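What follows is the residue order along each chain.
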Amino acid sequence: MLDSNWLAVGLLRNIPPQGSRVVRTEHGEIAVFRNSADEVFALLNRCPHRGGPLAEGIVHGRLVSCPLHAWQVQLDSGEAKAPDIGCVPRFPVKVVGGEVYLGLPAPTTSRARLNTVD
Amino acid sequence: MKQQLVLVGNGMAGMKVIEELLALAPERYDITVFGAEPHGNYNRILLSPVLAGEKQPDEILINPIDWYAERGIQLHCGKAVTVVDRDARIVRTDCGIVQPYDQLILATGSLPFVLPIPGRDLAGVVCYRDLHDVEQMLSASRQFRNAVVIGGGLLGLEAAYGLQKQGMAVTVVHLLPTLMDRQLDATAATLLQQTLEARGIKFKMAVQTSALLGTERVTAVQFADGSSIPADLVVMAAGVRPNIALAQRSGLGCERGVLVSDTLQSSDARIYAVGECVQHRGQCYGLVAPLYEQARVCAAQLAGNSEAFYQGSMTSTKLKVTGVELFSAGEFQGGDGCDSIVYQDAGAAVYKKVVLRGDKLVGAVLYGDTVDGGWYFQLMKAQTSVAALRDSLLFGPVSEAEGGGQQAVLDWPDDKPVCDCNGVCKGKIVETIRGKNLQTLDAVRAHTKASASCGACTPMVEQLLAAAVGDNYSAPALPAMCSCTTLSHDAVRSAIREQKLLSLSQIFQTLAWRHADGCDKCRPALNFYLLAAWPGEAQDDSQARFVNERMHANIQKDGSYSVVPRMWGGVTNSHELRSIADVVDKFQIPTVKITGGQRVDLLGVKKSDLPGVWADLAKAGFVSGHAYGKALRTVKTCVGSEWCRFGTQDSTAMGIQLEKLTWGAWTPHKFKMAVSGCPRNCAEATIKDFGVIAIESGWELHVGGNGGIKLRGTDVLCRVETMAEVEEYCLAFMQLYRDEGRYLERTAPYLERVGLAYVQQRVVHDAAGRQLLAQRFRDSQQHFQKDPWAELASPASRERFIPIVDLS
């Protein structure tokens, strides 16, 4: 795991299952998803296709379908599902004691590093 | 340790299994392929264009040798497997290779039938089966003049056409009096023979070939009556036999072909068989579509999906002779218990026959004009009732005739856009289909985006797909809802009703959905079906709704929303306008627009402002306009008899009344209405889902119009006298559509699918049924007619519209 700032962003129960909530950060809006298996993922809230708000998409399995043109983006990798090609930055996220923590790049890291977070 | 998978037969069926399997479970097997021919695999159905000089051999390769290596597949080309030792679980080749297997696939194809007559071994006598045969025929065409093709079936005629194009003088010899007797009736066969004769091919019908003459090379063909004709090349195209020699030697159950179950397993469960060598439920197939269906099931089985079953295929035929349009499918001969409907225009050489049993289409022969072949085939496979279409059946689907020239798309230049939503031109679609070897409409949608948005270009894309894939392309009979299930929309709906399923999770469990929580295609549809079937009882799942219905506003390209308050019948007043203006100022809404449905659209509202906007609008007395939903949208009106000097009835009051009755109702797709006060029809009621036009004696009711994707004028449902009747008929029609329309199917395609006569029967002629439908609509409105804005504007609900935390 890259050195990152773990920040508490709220309670898991405040994110609807098969839904998401948005965290506003200096890097832009980050969508924190919770799927039906209670897995939690975080992606930049911007579809690699036309910038659609992924947070408003339908979550199914480990995929979210963008509400604008139905591109499917993989929650665990940020990659668009083939045959579409594209990738959205993702962020480390974990749940401890019912609280969701988002790993943001350490303050020294720049936006350019967003793609390498893991 | 990976399992060893061995494929015997490097042809279209066997390699389709491998390709599908690699997509489903790429890591599961070490794969070894044996092929008797010395190439990678190629598209055998394109041999005829190669023979005719319309394609080069390398253009019909599906996978070159490198393709196998890149995927770690061991390929043994030009090696024939001679032994399957089932006890030791190994195969042996003629050259001594020994290969163990855990699972074995036999795809040994078929062998051409060689007539058992003297002279069959002479030089210049060939079958028509593989690339080698085509090379021999091409080489003969360069040196010799006279060709005789024995067999007037599909393959024989394609061979004759190819050889003639190569400059040979061709005679077709056929045992029976008519050509293609397995696919054509006598009339169509005669037309075909005339067309080919006009192109210079000679025919000798109803003759039996007794010998091939010559000493080293063939010189003549002799017939049973003693006559003969000269021949330098003889092509035997008298049919094929499943190649079951290896299977028989290995002790597998065989009749005409290798016997397989619905899982494509032979009598030995470790040995699968697919393709032309197979006999399934008594049938052997020689066309590509069924072979591919078998391959898909076999691959799914090998990937571990024990629920995949093959249940047989219905097939159709076309002839790959350029410029000859011919289609046949099913029980084309007609006969006892069947009705045939025939259209014949000898001058134009057009012949069409459709065969009906009861109200189902069971067969079709088309000659000269085959545009509707796919449509008939679809009706046959889906076993759709065509009772209502009977009068117009021979003229094809009406809407497509109006849409104009499906055929034409094949003649378009490559740079002409087919899909206007996504800007995809014809060349791109054709190139992608070929380059990626796409076989299905879904695959074309995924790779090109063509037809993936509004769907208006779907028939054209299907046409391109059919042309590229070969003439055996056929759309699936009743397509599955999505990749989560094999069930169609209709099948799922029946299950929801019959088993009283009340939630998505119940559907997923009961109907064995492949993905635990469905996908973005099925969830919204299922949620609607639940609500429509069990209003008030089914569980509405907001996470199954598309963003617009979840946010009760329309998402726009920049992620902002647009808000449309309901304006009953398009009528407003100063108080409402002032309140809207205040909201615009307060929330700095950038654009205010009058919609085509006589309302005010507030565009560019931030998500976090939505609850505030709604709260203020609600205070002024507005409810949601549902401008975002698969629901009643708007009721457009003119000013009618209250103001208009021509108005015969009060259309504005009628419109308001209809809107008050029906707002909030969920429907399969958006639902629009209009009421015009006189036959001048200023409210444009004839392009709405439900249209009302005032006439002197009362009201004329219209259904099934669409001003959108594909312009369709309404059909007249009936005329009624009173406003109460208008209401009852309107509600009954909406309820019928809600019960039977498939999700995302507007009333226009719904009406074309079930037929106007059916809708009139349910809504007009059956008075008791109409009242029941209308009552059911009213009952469900108790549950649906609630203003979502009022609920969501409450402080408790506002949380979901704002970030969970703001760190910026």
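Use the structure listed above.
Keep in mind that what you see is a predicted model, and the values were worked out from it rather than measured.

**Considerations on the overall build of chain A**
Step number 1: Secondary structure assignment for chain A yields zero helices and 10 strands.
Step number 2: Counted from the first residue to the last, chain A has its helices and strands arranged as β-β-β-β-β-β-β-β-β-β.
Step number 3: A buried classification covers 53% of the 118 residues belonging to chain A.
Step number 4: With the model as given, the accessible surface of chain A reaches about 5,100 Å², and the carbon-plus-sulfur share is 48%.

**Section: the sheet that holds strand β37 (residues 698–703) of chain B**
Residues and elements named next belong to chain B.
Step number 1: The five strands are arranged β34-β35-β36-β37-β38 in an open sheet whose pairing can be described as mixed. For this open sheet the edge positions go to β34 (632–637) and β38 (715–720), each flanked by a neighbour on one side alone. Sheet twist, expressed as the mean angle between neighbouring strand axes with direction ignored, is 15°.
Step number 2: Pairing between β34 and strand β35 (residues 671–676): four bridges, direction parallel.

**Observations concerning the sheet that holds strand β16 (residues 218–223) of chain B**
All names here are of chain B.
Step number 1: Overall, antiparallel pairing links the three strands, which are arranged β15-β16-β17 in an open sheet. Each edge of the open sheet carries a strand with a single partner, namely β15 (209–214) and β17 (228–230). Between one strand and the next, the sheet's axes are offset by a mean angle of 25°, whatever the strand orientation.
Step number 2: As paired strands, β15 and β16 are joined by five bridges and run antiparallel to one another. Each bridged residue has a counterpart across the sheet, and for Thr-209 the counterpart in β16 is Phe-223.

**A few points about the pattern of salt bridges**
In a structure, side chains of opposite charge can pair up when their charged atoms sit close to one another.
Residue and element names in this part refer to chain B.
Step number 1: What the rule picks out here adds up to 40 salt bridges over all chains.
Step number 2: Across the pair Arg-445 and Asp-442 runs a salt bridge whose closest N-O atoms are separated by 3.5 Å. Of the two residues, Arg-445 and Asp-442 are both situated in helix α12 (residues 441–448); the distance of three residues between them amounts to about one turn of the helix.
Step number 3: The exposure class assigned to Asp-442 is exposed, which follows from its relative accessible area of 56%.

**A word on the side chain of Thr-747 of chain B**
Residue and element names in this part refer to chain B.
Step number 1: Position of Thr-747 among the secondary structure elements: in helix α23 (residues 747–754).
Step number 2: Of note is the side chain of Thr-747, whose polar atom sits 2.5 Å from the side chain of Asp-689.
Step number 3: Ignoring anything within four residues of it in the chain, the contact list for Thr-747 reads Phe-671, Asp-689, Gly-704, Gly-705, Phe-733 and Tyr-737.

**A few points about the interface of chain A and chain B**
Step number 1: In this assembly, 33 residues from chain A lie in contact with 32 residues from chain B.
Step number 2: Taken together, the two surfaces of chain A and chain B that pack against each other cover about 2,500 Å², and 54% of this comes from carbon and sulfur.
Step number 3: Remark: the boundary between chain A and chain B carries four salt bridges.
Step number 4: Inspection of the region where chain A meets chain B yields 14 residue pairs in polar contact (both at pLDDT 80 or more).
Step number 5: Contributions of two or more residues to the side of chain A that touches chain B are made by β1 (4–11), β2 (19–25) and β5 (58–60) of chain A.

Definitions and cut-offs
Residues numbered from 1 in each chain as written. Chains lettered and ligands numbered in written order. Predicted model: local features only at pLDDT ≥ 70, side-chain atom pairs only at ≥ 80, totals over all residues. Heavy atoms only, no water. Helix = DSSP H or I, 4+ residues; strand = E, 2+ residues; numbered from the N terminus. Buried < 20%, exposed > 50% of the residue type's maximum accessible area, 1.4 Å probe, protein only. Areas by Shrake-Rupley, 256 points an atom, 1.4 Å probe, with all protein chains shown as cover. Pairing = 2+ DSSP bridges. Axes fitted to C-alpha atoms, helices over the stretch in contact; angles between N-to-C directions. Salt bridge = Lys/Arg side-chain N within 4 Å of Asp/Glu carboxyl O. Polar contact = N/O pair within 3.5 Å; in protein donor to acceptor, adjacent residues only side chain to side chain. Contact = heavy atoms within 4.5 Å. Buried area = accessible area lost by both parts, 1.4 Å probe.

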